[in-house]
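Descriptive structure summary
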Amino acid sequence: MHGLRVGVLTKGELDQATTRWAQGGVAAVLGGDPDSTDLHLADTLAAGAGLCDEDAVRVLVEEGPGRVNELIALGAIFDRDADGELLLAREGGHSHARVVHAGGAATGVEVERALVAAVRRTAAAIHEHWFALDLLVEGGRCAGVVAITPTGERAEVRARHVLVATGGAGQLYAVTTNPTESTGDGIAMALRAGVAVADLEFVQFHPTALHHPAMPRPLLSEALRGHGALLRDAHGRRFVDELLPRDRVSRAITQVLEEQQVDHVWLDATHLERFDDRFPTIAAALREAGLDPARDWLPVAPAAHYLCGGIVADLDGATTLPGLWVAGEAACNGVHGANRLASNSLLDGMVFGPRVVEAVAAGVDGPRPTGAMRCVLGGADDAGDAAVPGRPTPVALPPAAGADGGDGAGAPDPGRVAAARAELQRAMTRDAGVLRSAESLERAAGAAARAAAAAAPGADVEAHALRNLATVAAALCAMAAARTESRGAHARVDHPDTSARLRVRHVVGGDVA
């Protein structure tokens, strides 16, 4: 036990986290030959397209199996065969079957269930329906957050250490697998406080979200393609290797959609055996949509799924602001690079979340030049090789609430805020989505500025959430415009090639060495 007094502040309820939406599984080398942590490392580096930090990936793959076993000890139940051995699946970008699942495609639900139960047993304080507005910064360090209480009042929540675990910003896009809570709040707070943020241009689109009016879009897990489901175009022809990394599959689908002037392609799982037994969660979602995977081809299209960048962190999760820590999708620790390998996201949180706790308990206070933090502080990796360097990226961020001298307490216009959010989402999907150009990114940046202006007078939670989305969108568009190449999850139609000189992290905030 670490002996720390821990409180949790969340704008929803404790179990309303993006973790529950993770279907694919957890990637970890839990078996013997022919797999190894070296192979998991190589697969992760290949997916990351030159921007992974190798030391960070080494920590991920070597500590991952132990963290999975710790979660099992907490009560998480993963799928096993008749002999009691963990069932392992292979997913896109993986050279071997190493992904564990729960309930076929309900892994995130099971991981979250085990963790929420543990938090409710041990946390000193749980503040549900509290919306964090901004970081409290005093004497050069983070001293807590300013938040809106469930009754609408502002309050300071003070702590010696603050861990940001707010997830990504999928709600930037009109079509997403993320829940409505994914508005980039933690990243936006960091940007406003001048904390270093990097790699926001790398938004991973899941290739096979169900084309359906429901939002967030039901996710047809990578595991389906791992078990042999095939992608077909409007004419029924296969057009891509289904086990390529997600960025390449998403681009291939998007190109087919544009060429054939259709809004979806087909995922053919009609030949998969025991579908309901293997994938009960997906089977239930398909039945609700009136689809039978044994008979019907399934309509799919890419949807915004995962933000590969975030708040820059070292290998302990420390940020450039002492007292502020980050883990999970909100972090840029060097693990994912330009494109996350399938099923490495839950593992990321399971490995680097505990490392934050261990560092705080050990008295660590402030960042060290390890992991992605080397893009700010400089330094070499354990082998003496130069780390991915940082490149400062200028961006005009929307002002914080009350930055004009007021308190941001104007009467909110819910209709105006909702309309501005929808406009921003449509613009980001169209102009800063799977395929981008200088012209389209300029349009998206303009939409972010308009969204920020629409949010400015409001003091309610929805206005603050829109302000956060606009802040992250402005930084994302600036980084994407500066990256005049195509790499990983960032594809520029006006710069289709990868450039060796752009093996850099675009950084907003911090003092890049």
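Residues numbered from 1 in each chain as written. Predicted model: local features only at pLDDT ≥ 70, side-chain atom pairs only at ≥ 80, totals over all residues. Heavy atoms only, no water.

1. Focus: helix 4 (residues 185-192)
In terms of residue burial, helix 4 counts as a mostly covered element, since seven of its eight residues are buried. Those residues of helix 4 that fall on the buried side of the exposure criterion are Asp185, Gly186, Ile187, Ala188, Met189, Ala190 and Leu191. (Buried < 20%, exposed > 50% of the residue type's maximum accessible area, 1.4 Å probe, protein only. Helix = DSSP H or I, 4+ residues; strand = E, 2+ residues; numbered from the N terminus.)

2. Some points on the confidence of the model for the protein
Across the protein, pLDDT averages 90, with 94% of residues at or above 70. Here residues 404-408 is a poorly scored stretch, pLDDT under 50, and it has six contacts once near neighbours within four places are set aside; other chains count. (pLDDT = per-residue confidence, 0-100. Contact = heavy atoms within 4.5 Å.)

3. What about the packing of helix 12 (residues 438-455) against helix 13 (residues 461-482)?
Look at helix 12 against helix 13: their axes get within 8 Å of each other, and the N-to-C directions meet at 160°. One way to sum up the angle between helix 12 and helix 13 is to call them roughly antiparallel. Crossing geometry of helix 12 relative to helix 13 is assigned as left-handed. Counted together, Leu441, Ala444, Ala445, Ala448, Ala451, Ala452, Ala454 and Ala455 of helix 12 and Ala463, Leu466, Arg467, Ala470, Ala473, Ala474, Cys477, Ala480 and Ala481 of helix 13 form the full contact between these two elements. Residues belonging to the contact of helix 12 with helix 13 are distributed by class as follows: 16 nonpolar, no polar and one charged. (Axes fitted to C-alpha atoms, helices over the stretch in contact; angles between N-to-C directions. Parallel < 35°, antiparallel > 145°, perpendicular 65-115°, else oblique. Left-handed = near helix turned anticlockwise from the far one by under 90°. Nonpolar A, V, L, I, M, F, W, Y, C, P; charged D, E, K, R; others polar.)

4. Re the nonpolar core
Ranked by size, the top nonpolar core spans 57 residues in total, and within it Leu172, Tyr173, Ile187, Leu200, Leu424 and Met428 carry the most contacts. Beyond its immediate chain neighbours, meaning those up to four positions away, Met428 contacts Leu172, Tyr173, Gly433, Ala444, Ala473, Leu476 and Cys477. Counting residues in hydrophobic clusters, the runner-up holds 26 residues, among them Leu220, Leu257, Val265 and Leu298. (Core = buried A, V, L, I, M, F, W, Y, C linked by side-chain atoms within 4.5 Å.)

5. Regarding the sheet that holds strand 6 (residues 131-138)
Across the sheet, three strands lie side by side as 6-7-8; this open sheet has antiparallel pairing. Bordering the open sheet on either side are strand 6 and strand 8 (154-158), each of which pairs with just one other strand. Pairs of neighbouring strands in the sheet enclose a mean axial angle of 30°, with direction left out of account. Note that strand 6 and strand 7 (residues 141-148) share seven bridges and pair antiparallel. Of the residues in strand 7, the one forming a bridge with Leu135 is Val145. Set on the sheet, helix 13 makes contact with strand 6, strand 7 and strand 8; between it and strand 6 the angle comes to about 65°. (Pairing = 2+ DSSP bridges.)

6. What about the side chain of Asp55?
Relative to the helices and strands, Asp55 resides in helix 2 (residues 54-74). Looking at Asp55, the relative accessible area reads 11%, which means it is buried.

7. Regarding empty space enclosed by the protein
Enumeration over the complete set of coordinates arrives at four cavities of 30 Å³ or more. By volume, the largest cavity amounts to about 70 Å³. For the lining of the largest cavity, the elements supplying multiple residues, two or more each, are strand 14 (298-307) and helix 13. Ranked by residue count, the leading element in the lining of the largest cavity is strand 14, at four residues. Taken together, the residues of the lining of the largest cavity sort by class into nine nonpolar, three polar and one charged. (1 Å grid on protein atoms, 1.4 Å probe; cavity = no way out; pocket = protein on both sides within 12 Å on 5 of 7 lines; lining within 4 Å. Points joined across faces, edges and corners; volume = space filled by probe spheres on them.)

8. A word on the sheet that holds strand 2 (residues 26-27)
Strand order in the open sheet formed by three strands is 2-4-3, with antiparallel pairing between adjacent strands. Two strands lie at the open edges of the sheet, namely strand 2 and strand 3 (88-89), each paired on one side alone. Both strand 3 and strand 4 (residues 99-100) contribute to a ladder of two bridges, which runs antiparallel. Its bridge partner lying in strand 4, Leu88 is registered against Val100.

9. A short note on the pattern of salt bridges
Tallied over the full model, the rule gives 36 salt bridges. Across the pair Glu358 and Arg67 runs a salt bridge whose closest N-O atoms are separated by 3.0 Å. Linking Glu358 in helix 9 (residues 345-361) with Arg67 in helix 2, this pair joins segments that are 291 residues apart in sequence. Judged by relative accessible area, Arg67 falls into the buried class, the value being 11%. (Salt bridge = Lys/Arg side-chain N within 4 Å of Asp/Glu carboxyl O.)

10. Side note on helix 3 (residues 107-122)
With 16 residues, helix 3 extends 23 Å from end C-alpha to end C-alpha; this agrees with the ideal 22 Å at 1.5 Å per step. What helix 3 keeps buried is the set Thr107, Gly108, Glu110, Val111, Glu112, Ala114, Val116 and Ala118. Those residues of helix 3 hidden inside the fold are in contact with strand 2, helix 2, strand 4 and helix 9. (Expected span 1.5 Å × (residues − 1).)

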